[in-house]
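Summary of the model geometry
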Amino acid sequence: MKGDTLLDVSDLTVRFKTGRRFLTAVDNVSVDVTRGETFGLVGESGSGKSTFGLTVVRAHAPDAGRIVFDGTDISNLSDKDMRPYRTHMQMIFQDPYASLDPHMKVSAILAEPLRIHKIVPRSEISEKVTSLLEAVGMPAEAADRFPNQFSGGQRQRISIARALAVEPELLIADEPVSALDVSIQAQVMALLNDVKSRFGLTTIVIAHDLALVYQVTDRIAVMYLGQIVELGPTAEVVFGPQHPYTAALLSATPVPDPDVERSRERIVLRGEPPSALSPPSGCRFHTRCPIAQDVCRDTAPPLTEASQGHLVACHFAGQIGPVSVDLPRSVDP
């Protein structure tokens, strides 16, 4: 383990059987997350980022590799042995309309983990529920209502409160705002940032929107077709992308200044991502890459250090050219 590392994932591989073939959703991925850090995982749909998050909390079993949480290898623990770790790591899911039981009042939704994991005595559960609601900016009377009586943003606040109930160390937010109106997204991201600071959490934010992740993260990893293609400090990845795929993601981010937006050059990718059932040989991105050459089709580039702490898997790292971006650095609560 390195330094004060809370999560150390090495050579993680996750496969799913589809008919007679196997789909490799996560392919030999290694990352470490420092205690207190906010780590971003970015990529298109189907890149494997959500599977990575679900495997870290052991909702999926890894096919290969190691998941070390706070010094303990949890990769192959049984459900029984894994149970004590469930309170230390929690997940917030993409769809607040599907992740909350519509037949349970909010009080019951928040009380359930408190009761199951014996977080507080039964006599204190009601008080704790009120405290959790206050922590996410919801009034105490929300406890007596059902999820369908709330907006999407309010439901996601309740989901965050439920995750906080067991007092976790690691919080994984899987596309936490993609199902919400744009006007509400910044509020929920600000709330995640706020509870992270107040409760001393380590967080992993999974998203397809690099601009959104940029506002709250310390480091970013970019995934493509099950593999990490770039990883580094957030500002370096955003303002100095080394991989053509990262540059393309940034290029797709709207710039607030309409004059700049109209005049800037876009990096347009060819076609759709290949199927994970039969990924391309060599560099997996070469079928869509604007600077691919013969070596890209034949040889997979290793993830190597472009600068200190900034890794990239590309034979022609940094050769895509500058990308015009104009992003805010933080979200206001």
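Throughout what follows, the structure given in this document is the object of discussion. (Residues numbered from 1 in each chain as written. Predicted model: local features only at pLDDT ≥ 70, side-chain atom pairs only at ≥ 80, totals over all residues. Heavy atoms only, no water.)

Let's talk about the overall build of the protein
Counting its secondary structure elements, the protein contains eleven helices and twelve strands. A globule of 333 residues ought to have a C-alpha radius of gyration of about 20 Å, and the protein, at 21 Å, matches this closely. Across its three principal directions, the C-alpha atoms of the protein cover 70 × 50 × 40 Å. Counting across all 333 residues of the protein, residues that qualify as buried make up 49%. Of the contacts made within the protein by residues no fewer than 6 positions apart, 63% connect residues no fewer than 24 positions apart. Surface summary for the protein: the accessible area is close to 15400 Å², and the carbon and sulfur share equals 48%. (Helix = DSSP H or I, 4+ residues; strand = E, 2+ residues; numbered from the N terminus. Rg over C-alpha atoms; globule rule 2.2 N^0.38 Å. Buried < 20%, exposed > 50% of the residue type's maximum accessible area, 1.4 Å probe, protein only. Contact = heavy atoms within 4.5 Å. Areas by Shrake-Rupley, 256 points an atom, 1.4 Å probe, with all protein chains shown as cover.)

Some words on the sheet that holds strand E10 (residues 227-233)
Read across the sheet, eight strands follow the order E6-E7-E8-E3-E9-E10-E12-E11 without closing on themselves; strand pairing throughout is mixed. A single partner strand is all that each edge strand has here, and the edge strands are strand E6 (89-92) and strand E11 (304-307). When strand polarity is set aside, the average angle formed by the axes of neighbouring strands in this sheet is 20 degrees. Note: E6 against strand E7 (residues 170-174), four bridges, orientation parallel. Across the sheet, residue Met-91 finds its bridge partner in E7, namely Ile-172. (Pairing = 2+ DSSP bridges. Axes fitted to C-alpha atoms, helices over the stretch in contact; angles between N-to-C directions.)

Remarks on the layout of surface pockets
Taken as a whole, the largest pocket encloses approximately 480 Å³ of empty space. If you trace the largest pocket, you find 22 residues lining it, with Gln-90, Met-91, Phe-93, Pro-113 and Arg-162 closest to the centre. Contributing elements (two or more residues each) for the lining of the largest pocket: E6, helix H3 (106-116) and helix H5 (152-164). A breakdown of the residues in the lining of the largest pocket according to their chemical character gives 13 nonpolar, five polar and four charged. (1 Å grid on protein atoms, 1.4 Å probe; cavity = no way out; pocket = protein on both sides within 12 Å on 5 of 7 lines; lining within 4 Å. Points joined across faces, edges and corners; volume = space filled by probe spheres on them. Nonpolar A, V, L, I, M, F, W, Y, C, P; charged D, E, K, R; others polar.)

Observations concerning the sheet that holds strand E4 (residues 64-69)
Across the sheet, which stays open at both edges, the four strands sit in the order E2-E1-E4-E5 with antiparallel pairing between neighbours. At either margin of the open sheet sits one strand with a lone partner, and together these are strand E2 (21-34) and strand E5 (72-73). Helix-sheet contacts for helix H1 (residues 49-56) involve strand E1 (5-18), E2 and E4, and the interaxial angle to E1 is about 115 degrees.

Focus: the packing of H5 against helix H6 (residues 182-198)
Interhelical geometry of H5 versus H6 gives an angle of 15 degrees and a closest axis separation of 10 Å. Classified by the angle between their axes, H5 and H6 sit roughly parallel to one another. Regarding H5 and H6, the two cross each other, and that crossing is right-handed. Along the contact surface, H5 presents Gly-153, Gln-156, Arg-157, Ile-160 and Leu-164, while H6 presents Ile-184, Gln-187, Val-188, Leu-191, Leu-192 and Val-195. Looking at the contact of H5 with H6 residue by residue, the classes come out as seven nonpolar, three polar and one charged. (Parallel < 35°, antiparallel > 145°, perpendicular 65-115°, else oblique. Left-handed = near helix turned anticlockwise from the far one by under 90°.)

With respect to the packing of aromatic side chains
As enumerated under the stated definition, the model contains four aromatic pairs in all. Judged by centre distance (5.7 Å) and plane angle (85 degrees), the rings of Tyr-214 and Phe-239 are edge-to-face. Of this pair, Tyr-214 sits in helix H7 (residues 210-214) while Phe-239 sits in helix H8 (residues 234-239); the two residues are 25 residues apart in sequence, bridging distant segments of the chain. Among the aromatic residues, ring-to-ring pairing joins Tyr-224, Tyr-245 and Phe-285 into one connected group. For Arg-145, the ring lying beneath its charged end belongs to Phe-150, and the centroid distance is 4.4 Å. (Phe/Tyr/Trp six-rings, centres within 6.5 Å; stacked < 30°, edge-to-face > 60°. Lys NZ or Arg CZ within 6 Å of the ring centre and 35° of its normal.)

Some details on the pattern of salt bridges
Summed over all chains, the structure comprises twelve salt bridges. One salt bridge in this structure joins Arg-219 and Glu-37, with 2.5 Å as the shortest N-O distance. Of this pair, Arg-219 sits in strand E9 (residues 219-224) while Glu-37 sits in the loop between E2 and strand E3 (38-42); the two residues are 182 residues apart in sequence, bridging distant segments of the chain. We classify Arg-219 as buried; its relative accessible area is 17%. By relative accessible area, Glu-37 is classed as buried at 7%. Here Arg-66 ties to Asp-73 by a salt bridge, and the two come within 3.3 Å at their closest N and O atoms. In the salt-bridge network here, residues are joined through shared partners; they are Asp-4, Arg-35, Asp-70 and Glu-169. (Salt bridge = Lys/Arg side-chain N within 4 Å of Asp/Glu carboxyl O.)

Examining the pairing of E2
Bridging between E1 and E2 involves ten bridges; their strand directions are antiparallel. Opposite Val-9, over in E2, you have Val-31 as the bridge partner. In textbook terms, the turn of a hairpin is the stretch between consecutive antiparallel strands, and for E1 and E2 this stretch comprises two residues, one of which, Gly-19, has a positive phi near 65 degrees.

In short, shape yes, function no, at least from these values alone.
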